[in-house]
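Given next are the chains, with one letter for each unit.
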Amino acid sequence: MALSPLAGKPAPKELLVDLARLERDYLEGRPDPDDPAQQVSFGTSGHRGSPLRGSFTAAHILAITQAICDYRHAHTVTGPLYMGKDTHAVSGPAQRTALEVLAANDVATIIQRDDGFTPTPAISHAILVHNRGRHDRLADGIVVTPSHNPPEDGGFKYNPTHGGPADTDVTGWIEDRANALLRDGNAGVKQLPLQAAMGRETTQQRDLMLPYVDDLLNVIDMDAIRGARLALAVDPLGGAAVGYWDLINAIYGLDIAVTNRQVDPTFAFMTVDYDGAIRMDCSSPYAMARLVNLKDRYRVAFANDPDSDRHGIVTPTAGLMNPNHYLAVAIEYLLTHRPDWPSSAAVGKTLVSSGMVDRVVNKLGRRLSEVPVGFKWFAPGLFDSSYCFGGEESAGASFLRRDGSVWTTDKDGPIMNLLAAEITARTGRDPGERYAALTAEFWEAHYTRIDAPATPEQKAKLSRLSADSVKASNLAGEPIIQKLTRAPGNNAPIGGLKVVTASGWFAARPSGTEAVYKIYAESFRDEHHLQMLVNDAQRIVQDA
């Protein structure tokens with residue numbers, strides 16, 4: 001996709017969403033239950049859409065929330081439901097809609113007090129802390145967020161009792177029930193007026209921030225960070241963690257500079273992403289331009305997306321680190337600085353993450369588990385500590401507590417940020433410097449991800465490919481040694497294709513929300529070889 005002339009520049013006024021129209025379309029929108037684009041659809045992380053497209057409305061949230069209540073009843077989930085929201089414009093209205101349904105269904109629901117925001121990892125943490133040692137009245141959760149998506153978008157995701165993203169058997173059940181409710185005009189939805197819902201004993205307001213922050217010392221060496229007196233900075237990108245960093249500073253005696261405290265649902269303070277859209281992607285150098293410009297003032301700077309499940313790491317030597325590079329550094333450091341982790345625990349990576357991770361894990365004699373895209377694949381392993389780390393190329397990761405027990409089973413941006421500070425404090429080298437050392441030891445990886453246009457029919461065909469569908473025997477001038485449509489780590493379908501040679505690989509999978517398919521490719525040679533991989537990948541996908 002061509003680079004927009006606005007990329008990396010402050011967002012012009014004409015890009016800002018009309019908040020009044022957005023909320024009106026959310027409340028008044030009547031989705032067409034026969035239009036696939038307006039049905040409830042859970043991708044890799046919940047239902048996402050926009051009121052402006054008729055795909056995220058109060059009708060959707062009524063149906064999804066009732067479906068979650070029905071799922072809880074059918075599966076005897078009787079504990080409290082923790083619900084968080086981020087700072088997107090329709091997250092507040094959607095949370096209020098959901099509360100009306102949860103209260104009407106007598107679901108004990110816990111939200112952040114004073115109408116506050118709650119990051120995704122804090123919800124996962126709260127669920128796991130409540131459920132520790134329990135066998136009944138287990139808790140689950142909802143997070144109202146479209147992650148890093150543009151300001152006009154909304155999102156709604158369900159975390160079952162293991163605290164992480166729901167697996168496809170759960171989301172499929174909820175999706176089918178919600179769409180049935182929509183087709184029936186939501187006649188089967190129980191609902192109370194908001195004031196009555198907020199007044200019910202089942203609706204509880206608590207501080208979900210302090211327990212999460214208080215517990216950070218059990219996953220990160222906060223003493224080492226404090227003792228090193230590093231110059232650190234954070235940009236919450238106007239997201240749910242904006243209030244967390246001052247509390248972290250106060251509790252742990254740190255001096256992390258908060259470079260941006262603005263919370264604005266238009267996200268007018270952002271610099272524009274590569275394609276001319278406002279997108280709070282903390283792994284994009286264009287969206288992160290302001291923080292990258294401060295790289296020489298701080299030893300490490302970092303950011304999170306609006307629900308704080310992703311991280312962006314900035315260092316003087318590397319600027320904004322490629323998420324794959326930081327994954328490799330984090331894994332190499334953790335496997336050599338967490339002596340109490342179980343030696344049998346695997347490192348989990350998605351099959352579109354860098355092969356540098358493979359080399360680091362193999363060097364250290366640990367087990368690697370390669371799974372499909374989606375953090376849900378890591379949640380069970382993190383929960384029972386059979387995984388010590390789970391990470392994906394899109395800048396999402398989490399890992400175990402220092403004692404080897406579960407911390408969160410959803411992506412946790414703040415601990416990945418703080419880990420960058422711990423690495424620098426304890427080794428004297430920032431993550432950018434440590435990645436340079438890895439490339440000197442192994443090789444320099446050349447990695448890309450591009451979006452290619454695709455019709456719904458083409459996307460469906462790609463998701464159903466078999467290895468036999470690939471007729472080519474060579475890729476970028478080398479024999480193909482693997483054709484994968486199932487992940488090696490768990491034999492789960494990858495919803496696409498991965499093709500591997502001795503010197504590189506590509507993977508292709510359809511987007512769950514856009515009219516594109518995504519090509520990921522990595523060369524262990526050079527940029528020219530990488531382009532050959534991409535060109536051959538497009539031809540192979542078209543011919544399959």
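In case you missed it, the structure is sitting above this.
Here, residues in each chain are numbered from 1, in the same order as that chain's written sequence. Local features in a predicted model are, by the rule used here, given only for residues with pLDDT of at least 70; side-chain atom pairs are given and counted only at 80 or more, and totals for whole chains, interfaces and linings are based on all residues. Side-chain measures here rest on the full set of heavy atoms in the structure, leaving out hydrogens and waters.

> Pulling in residues and values, what's your account of the overall build of the protein?
Within the protein, the regular secondary structure consists of 17 helices and 23 strands. Here the C-alpha atoms of the protein give a radius of gyration of 22 Å, agreeing with the 24 Å that 2.2 N^0.38 yields for 544 residues. In terms of overall dimensions, the protein has C-alpha extents of about 65 × 60 × 50 Å along its principal axes. Type-normalised accessible area, obtained with a 1.4 Å probe on protein chains alone, sets the label of each residue: buried when under 20%, exposed when over 50%, and partly exposed for intermediate values. When each of the 544 residues of the protein is scored for burial, the buried share is 61%. Counting rule applied: Lys, Arg positive; Asp, Glu negative; His and chain ends not counted. Taken as the charge centre is NZ of Lys, CZ of Arg, CG of Asp or CD of Glu, depending on the residue. Taking the average place of the 54 positive charges on the side chains of the protein and the average place of its 65 negative ones, the gap between the two points comes to 2 Å. Put simply, DSSP H or I for four residues or longer makes a helix, DSSP E for two residues or longer makes a strand, and each gets a number counted from the N terminus. The globule rule is 2.2 Å times the number of residues to the power 0.38, and the radius of gyration it is compared with is taken over C-alpha atoms.

> Lay out the pattern of salt bridges in plain terms, naming residues and giving numbers.
In the sections that follow, a salt bridge refers to a side-chain nitrogen of Lys or Arg positioned within 4 Å of a carboxyl oxygen of Asp or Glu. The full count for this structure, using the stated rule, is 29 salt bridges. Residue Lys349 pairs with Asp358 through a salt bridge whose shortest N-O separation is 2.7 Å. Accessibility expressed as a relative area gives 2% for Lys349, which makes it buried. With a relative accessible area of 18%, Asp358 lands in the buried category.

> So what's going on with the sheet that holds strand E15 (residues 387–392)? Which residues, and what values?
One key point about sheets: their strands pair by backbone hydrogen bonds, in either a parallel or an antiparallel sense. Here we have four strands laid out as an open sheet, ordered E14-E13-E15-E16, and mixed in their pairing. The open sheet has two edge strands with one neighbour each: strand E14 (368–371) and strand E16 (396–399). When strand polarity is set aside, the average angle formed by the axes of neighbouring strands in this sheet is 15 degrees. Across four bridges, E15 lies against E16 in antiparallel orientation. Bridged to Glu392 within E16 is Gly396. In the packing of helix H11 (residues 323–337) onto the sheet, the strands contacted are strand E13 (346–350), E15 and E16, and the crossing angle to E15 comes to about 170 degrees. In what follows, a contact means two residues having at least one pair of non-hydrogen atoms within 4.5 Å. Axis lines are fitted to C-alpha atoms, over the contacting stretch for helices. Their N-to-C directions set the angle, which ranges from 0 to 180 degrees. The sheet strands contacting helix H12 (residues 355–363) are E13 and E14, and the helix crosses E13 at an angle near 170 degrees. DSSP calls a pair of strands paired once it identifies at least 2 bridges connecting them.

> Run through unusual backbone geometry, naming residues and quoting values.
Its identity is not glycine, yet Arg137 carries a phi of approximately 50 degrees, on the positive side. Mapped onto the secondary structure, Arg137 falls in the loop between helix H4 (120–131) and strand E5 (140–144). Taking the relative accessible area as the measure of exposure, Arg137 reaches 44% and is therefore partly exposed.

> Hey, could you go over the nonpolar core for me, with residue numbers and the actual values?
Formed by 73 residues in total, the largest nonpolar core has its most connected members in Leu216, Ile220, Trp245, Tyr326, Phe389, Phe399 and Leu419. Sort the elements by how many residues they give to this core and H11 lands first, with nine residues. Each residue touching Phe389, except ones within four places of it in the same chain, is listed here: Leu327, Ala330, Ile331, Leu334, Ala346, Val347, Gly348, Leu382, Ala397, Ser398, Phe399 and Met416. Counting 37 residues, the second largest nonpolar core, distinct from the first, contains Leu81, Met83, Val101 and Leu182. We call a set of buried Ala, Val, Leu, Ile, Met, Phe, Trp, Tyr and Cys residues a nonpolar core when their side-chain atoms join them within 4.5 Å.

> Give me the lowdown on the packing of H11 against H12, citing residues and values where you can.
As a packed pair, H11 and H12 sit with axes 9 Å apart at the nearest point and diverge in direction by 10 degrees. What the angle tells us is that H11 and H12 run roughly parallel. Crossing hand, H11 versus H12: right-handed. Facing H11, whose interface residues are Leu327, Ala328, Ile331 and Glu332, H12 presents Met356, Val357, Val360 and Val361. Of the residues belonging to the contact of H11 with H12, the class tally is seven nonpolar, no polar and one charged. Should an angle lie under 35 degrees it is considered roughly parallel, over 145 roughly antiparallel, and from 65 to 115 roughly perpendicular; all remaining angles are considered oblique. Handedness of a crossing is defined here by the sense of rotation of the near helix relative to the far one, left-handed for an anticlockwise turn of less than a right angle and right-handed for a clockwise turn. Residue classes follow a fixed rule: Ala, Val, Leu, Ile, Met, Phe, Trp, Tyr, Cys and Pro count as nonpolar, while Asp, Glu, Lys and Arg count as charged, and any other residue, Gly among them, counts as polar.

> So what about the side chain of Ser91? Which residues, and what values?
Of note, Ser91 is situated in helix H3 (residues 91–104). For the purposes of these results, a polar contact is taken to be a pair of N or O atoms within 3.5 Å, where, inside protein, one atom must be able to donate a hydrogen and its partner to accept one; residues adjacent in sequence count only when each atom of the pair is a side-chain atom. Within the structure, Ser91 has its side chain in polar contact with the side chain of Asp86 (distance 2.5 Å). From its side chain, Ser91 meets the backbone oxygen of Val144 in a polar contact 3.4 Å long. If sequence neighbours within four positions are ignored, Ser91 has contacts with Lys85, Asp86, Val144, Thr145 and Pro146.

> I'd like a description of the packing of aromatic side chains, backed by residues and values.
In this analysis, rings of Phe, Tyr and Trp, with Trp reduced to its six-membered ring, are considered paired at centre separations within 6.5 Å, and the interplanar angle assigns stacked below 30 degrees, edge-to-face beyond 60, and tilted for intermediate values. In this structure the tally under the stated criterion is 13 aromatic pairs. Relative to Trp407, the ring of Tyr212 has its centre 5.5 Å away and its plane inclined at 50 degrees; by these criteria the two rings are tilted. Within this pair, whereas Tyr212 is found in helix H7 (residues 209–214), its partner Trp407 is found in the loop between E16 and helix H14 (413–427), the two being separated by 195 residues in sequence. Each member of the pair, Tyr212 as well as Trp407, carries the same accessibility label: buried. One aromatic cluster in this structure is built from Tyr71, Tyr158 and Trp173.

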